[in-house]
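Below are the chains, spelled out letter by letter.
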Amino acid sequence: MQVIGICRFSYPGIGGFQVKHDSIDARRAYLYAQHRMEERFRIFETITLPPLRAQSDQNFTFLVVTGNDLPTQYRDRLKALLEDIPQAIVFERAAGKHRKVMQDAINSVRTSHTDPNLQFRMDDDDAVACTYVERLREAALDSRTILAKHRHIAIDFNQGFIVGLGPRGIAATPTKTPYTTAALALMFQPDVPQSVMNFAHAKVAHNMPTVTFSGEDMLLRSYNNYNDSRQRPSIRPVILTPLDATGEAHFKSVYNIDSDHVRRVFSGS
């Protein structure tokens, strides 16, 4: 069963953002601003990619969607970070309707139209555990009898941490929020052309059966200066506590994330 992860890396889509802009040019200016891009790259390098490199099941595709007008220095930097991840494919497209572009991207890498496929979405500041693909595939096999009666179902791993990164390392707080993007996947019947990006993650239970797994840390959700979902004034702050030595060892074991690496990368921020 094919597993496809999709990650938008500063893609200037029409739609797909809670932060509003008056034009595509305004959105590009926001997305490609130097300070924002530096933060994106620091987070992407230190928490998003390490667990993907260390997946216990290496049979997956990691699709990174970005704009074809991403400035050259950022395109080169992105490709350099992904160079040692053979599952990574960079999909460059002009600004377009967000859901349509994401659907086209996923369908371009689907290898079978006779078997169900699994799709998960990540932002470029999130992460999944090193066992995520393995656990997802196991859960999908266990759930095929449900899928037989539906066009698609959701498989939700809801446990992990909200994290903040900086020169002092990682601060975190546990979370068990259902349908968090990073470890939420959809399983589709072979003939369904839609993608995981066609559905608002917080509302998947309105559209399909869902199966939720807890009890095992499986996701990281980064809190930072440019979270699209945290720009509204009504959003409540989250209290994060610096990891102690035990917490840092846990993050290394579960997510392949090195707190010393985080400190080095963020030392100049």
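Structure report, in brief. The structure presented is a predicted model; accordingly, all values stated were derived computationally and were not measured.

1. A short note on the pattern of salt bridges
(1) Moving on: Inspection of the entire model under this criterion finds 18 salt bridges.
(2) Moving on: Ionic pairing is found between Arg40 and Asp125, a salt bridge with its closest N-O pair at 3.3 Å. In this pair, Arg40 sits in helix α2 (residues 34-53) while Asp125 sits in the loop between β4 (117-123) and β5 (126-128), placing the two residues 85 residues apart along the sequence.
(3) Moving on: On the basis of relative accessibility, which here comes to 4%, the residue Arg40 falls in the buried class.
(4) Moving on: Linking Arg263 and Glu248 is a salt bridge whose minimum nitrogen-to-oxygen distance equals 3.0 Å. Taken together, the residues span a long stretch of sequence, with Arg263 in helix α8 (residues 259-266) and Glu248 in helix α7 (residues 245-255) at a distance of 15 residues.
(5) Moving on: Owing to a relative accessible area of 22%, Arg263 belongs among the partly exposed residues under this scheme.
(6) Moving on: Look at Glu248 and you get partly exposed, because its relative accessible area is 21%.

2. Examining the sheet that holds strand β8 (residues 169-175)
(1) Moving on: Overall, mixed pairing links the 5 strands, which are arranged β5-β11-β7-β8-β12 in an open sheet. Looking at the sheet topology across the chains shown, the edges are occupied by β5 and β12 (241-242).
(2) Moving on: For β8 and β12, the ladder comprises 2 bridges, and the chain directions are antiparallel. The residue of β12 that forms the bridge with Ala172 is Thr241.
(3) Moving on: Strands in contact with α2 are β5, β7 (160-166) and β11 (219-222); relative to β5, the strand with the most contacts, it is inclined by about 15 degrees.

3. Quick word on the side chain of Arg221
(1) Moving on: Examined against the element boundaries, Arg221 turns out to sit in strand β11.
(2) Moving on: A distance of 2.9 Å separates polar atoms of two side chains, one belonging to Arg221 and the other to Asp126.

4. Structural notes on the environment of Tyr30
(1) Moving on: Position of Tyr30 relative to the elements: it lies in helix α1 (residues 24-31).
(2) Moving on: Here Tyr30 falls in the partly exposed class, since its relative accessible area comes to 23%.
(3) Moving on: Residues Tyr30 and Thr66, 36 residues apart in the sequence, show an inter-C-alpha distance of 14 Å.

5. Notes on helix α5 (residues 132-142)
(1) Moving on: The complete set of buried residues in α5 reads Tyr132, Val133, Leu136, Arg137, Ala139 and Ala140. The arc that holds the buried residues of α5, viewed along the axis, is 165 degrees, so those residues lie on one side. Opposite the buried face of α5, at more than 90 degrees from it, the exposed residues are Leu141 and Asp142.

Thresholds, definitions, all that
Residues numbered from 1 in each chain as written. Predicted model: local features only at pLDDT ≥ 70, side-chain atom pairs only at ≥ 80, totals over all residues. Heavy atoms only, no water. Salt bridge = Lys/Arg side-chain N within 4 Å of Asp/Glu carboxyl O. Helix = DSSP H or I, 4+ residues; strand = E, 2+ residues; numbered from the N terminus. Buried < 20%, exposed > 50% of the residue type's maximum accessible area, 1.4 Å probe, protein only. Pairing = 2+ DSSP bridges. Contact = heavy atoms within 4.5 Å. Axes fitted to C-alpha atoms, helices over the stretch in contact; angles between N-to-C directions. Polar contact = N/O pair within 3.5 Å; in protein donor to acceptor, adjacent residues only side chain to side chain. Arc of directions from axis to C-beta.

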